[in-house]
Structure formats: structure tokens, C-alpha cells
Amino acid sequence: MAKRYEKIADELREEIRSGRPAPGERLPAETALAEKYRVSVPTMRQAMSVLQAEGLVERVHGRGTFVRKERTRNLRSNERHQWEKDRARNPLEERAETGSTEHDTGLTLSDLVFHAEYAEIAADDELAGVFGVEVGTRLLERRYRTRQRDEDAPFSLVSSYLVHDMVAANPELLDADEEPWPGGTQNQLYTVGIELGSIEEQVTARPPTVEEAEELAVSPGVSVIVLRKTSRATDGRVVEYSRVILPGDRTELTFVTPLRKW
């Protein structure tokens, strides 16, 4: 049998989904809602916590509780990798028209705010194992944050790694000011003679760290999706490795597997 706070959450959920109250609208104070539903304030607070965990409402310190405006959804399919490869050798003007984020979100380049940071780091045990190199090998670490212009949180937190000496033949690949790079990583690798032959993605989920929850603006109770992407050249070498942290409340992953005909 449903508890009282669950029934209240059900009623409020239906109202929010019907558009009344509207996204961005402030809800009455918990004391007023408790009086309306004839329950105690702690019971009302439990109901609101359920809706907050579902991402339907958000509490703003000092201002109250608001119906959450739906953020741009990120619909990421593994078919994006072939799409990127098909474009990697296209002329600059064609590559500059759109990128993988636009492909995943349906937005245009003018809708986005892009930020990249580059740093040289020494490979730790994990990264040395991934690339099959000595611990301490110089790597290029690239951190990417892309958000919708009208929103305050990025779609994901991306950390990408390349072996420094492998890409140093093209000095532009070491310069964050060249980002966003038309054609993305596959075109970057193409400029130093590397063609990708396979991409492996491992997906797990976990609670966010405090820092991740703050940067991604996820509500309490919302998990993050952790995607680890390993890109191999046609000769089998690992040439790029990424960790992508995605908010679970606005990310959809689709995996398409072509099957050979009998």
C-alpha cells in the first residue's frame, strides 16, 4: 500500500507533467502544501524529495522550490563513430558545418558554448596499461565541456587522452586554441596518418561525486553514466582513450549492432 507521501508525489507529478505548474514556476512553500494535503511538513518534504530525485523539481537556496525546466537531452548512439569516420576526410568547410554534439542533441553550432583545456601529464598505472606504454610516458590530456547556450551545465564531462609523441607531428593538435576541431578526434588523427579500425565502449553507472553533481547540476538521487571509450587504429594500437561522465537524467544511450546475414 502506497504511503501518504508517495500518493502526494504521484498527484504533484501528474500536475507537473500536464504543464500546471509550468516549467520554471515556483511551487508553494512546503508549509502551505502540507496544509493543502493535510499532512505534516516532514511528510510533505518526503514527497518533494521524491520529485527532486526524479529531476522534476529543484530547490534553490533562499528562493524556494521550482518546477525544473527540461534540459537538452543527449541522445548518443554508437552509430556516431561511423558518422564521424565518414566525415573525417571531408573538406574543412563541410567538417565545420556540424559536429558530434550537434549530431547527438539536434542543436546547431550557434546554439553551443564549447570549452577545451589541454595539459601534458605523465601516464599513471591505469593509462599506461590502456596504451601499452611505460608509466610516466608523456600524454596529452584534453578536457571538454560543451553546453547549450541558454543552460548552465554541460552535456557531459569529457577527459580524452592521446600519446603526446604520437600526435606531436602536427603541432596544431597540441593547441587547445584550435578547438573545436572540425571533424573531431578522427580527423585530428587522420592528420598524422592514423585511421581508426575499432572503438570499444564500456558503460557503468554510479552516484556522482560532489564535484560532478555540482558541475553537471544533477539533483540528489540522480546517478551518472560513466562511459570509457578505447579507440584503436587499424593496426590494433590504442590511439585514444576517453572517460565521459554523463548525467543520467538527460542522457540516452543507443547501441546498434549490425548482424551478418546467414
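Below is a short write-up of the structure. (Residues numbered from 1 in each chain as written. Predicted model: local features only at pLDDT ≥ 70, side-chain atom pairs only at ≥ 80, totals over all residues. Heavy atoms only, no water.)

1. As for the packing of aromatic side chains
Part 1 of the argument: By the definition in use, this model includes one aromatic pair.
Part 2 of the argument: Centroid distance Phe 114 to Tyr 144: 5.8 Å. Interplanar angle 40 degrees. Geometry classified as tilted. Highlighted residues: Phe 114 in strand S4 (residues 112–122) and Tyr 144 in strand S5 (residues 138–148), separated in sequence by 30 residues.
Part 3 of the argument: Judged by its relative accessible area of 32%, Phe 114 is partly exposed.
Part 4 of the argument: If you follow Arg 87 out to its NZ or CZ, it ends over the ring of Trp 83, 4.6 Å from the centre. (Phe/Tyr/Trp six-rings, centres within 6.5 Å; stacked < 30°, edge-to-face > 60°. Helix = DSSP H or I, 4+ residues; strand = E, 2+ residues; numbered from the N terminus. Buried < 20%, exposed > 50% of the residue type's maximum accessible area, 1.4 Å probe, protein only. Lys NZ or Arg CZ within 6 Å of the ring centre and 35° of its normal.)

2. Details of the pattern of salt bridges
Close approach of charged atoms allows side chains with opposite charge to pair.
Part 1 of the argument: By the definition in use, this model includes 18 salt bridges.
Part 2 of the argument: Ionic pairing is found between Arg 13 and Asp 10, a salt bridge with its closest N-O pair at 2.7 Å. Of this pair, Arg 13 and Asp 10 both sit in helix H1 (residues 4–17), three residues apart, roughly one helical turn.
Part 3 of the argument: Its relative accessible area of 11% is what places Arg 13 among the buried residues.
Part 4 of the argument: The exposure class assigned to Asp 10 is partly exposed, which follows from its relative accessible area of 37%.
Part 5 of the argument: One salt bridge connects Arg 237 with Asp 235, and the closest N-O pair in it is separated by 2.8 Å.
Part 6 of the argument: Residue classification places Arg 237 among the partly exposed residues on the basis of a relative accessible area of 40%.
Part 7 of the argument: Here the salt bridges share partners, and the residues they tie into one network are Glu 30, Arg 45 and Arg 59. (Salt bridge = Lys/Arg side-chain N within 4 Å of Asp/Glu carboxyl O.)

3. Topic: helix H2 (residues 30–37)
Part 1 of the argument: Among all positions of H2, only Glu 30, Leu 33, Ala 34 and Tyr 37 are buried. Projected down its long axis, H2 shows its buried positions confined to an angular sector of 105 degrees, all on one face. Facing away from the buried side of H2, by more than 90 degrees, are the exposed residues Thr 31, Glu 35 and Lys 36.
Part 2 of the argument: Here the buried face of H2 lies against H1, helix H3 (41–53) and strand S1 (57–60).
Part 3 of the argument: Looking one or two places after H2, you find Arg 38, whose phi comes out positive at around 60 degrees. (Arc of directions from axis to C-beta. Contact = heavy atoms within 4.5 Å.)

4. A closer look at the nonpolar core
Part 1 of the argument: Phe 131, Met 166, Leu 189, Ile 194 and Val 239 are the most contacted members of the largest nonpolar core, which has 29 residues in total.
Part 2 of the argument: Listing elements by their share of this core, those giving two or more residues are S4, helix H7 (125–131), S5, strand S6 (157–163), helix H8 (164–167), strand S8 (224–233) and strand S9 (238–247).
Part 3 of the argument: Sorting elements by how many residues they give to this core places S9 first, with five residues.
Part 4 of the argument: Discounting residues that sit within four places of it in the chain, Met 166 has contacts with Leu 189, Val 192, Ile 194, Arg 237 and Val 239.
Part 5 of the argument: Ranked by size, the runner-up nonpolar core spans 17 residues in total, among them Ile 16, Leu 27, Ala 47 and Val 57. (Core = buried A, V, L, I, M, F, W, Y, C linked by side-chain atoms within 4.5 Å.)

5. Description of the packing of H1 against H3
Part 1 of the argument: The interhelical angle for the contact between H1 and H3, taken along N-to-C directions, is 50 degrees, at an axis separation of 8 Å. As the angle between them shows, H1 and H3 are arranged oblique. Considering the relative orientation of H1 and H3, their crossing is right-handed. For the pair H1 and H3, the contacting residues are Arg 4, Tyr 5, Ile 8, Ala 9, Leu 12, Arg 13 and Ile 16 in the first and Thr 43, Met 44, Gln 46, Ala 47, Met 48, Val 50 and Leu 51 in the second.
Part 2 of the argument: Its residues assigned to classes, the contact of H1 with H3 comprises 10 nonpolar, two polar and two charged. (Axes fitted to C-alpha atoms, helices over the stretch in contact; angles between N-to-C directions. Parallel < 35°, antiparallel > 145°, perpendicular 65-115°, else oblique. Left-handed = near helix turned anticlockwise from the far one by under 90°. Nonpolar A, V, L, I, M, F, W, Y, C, P; charged D, E, K, R; others polar.)

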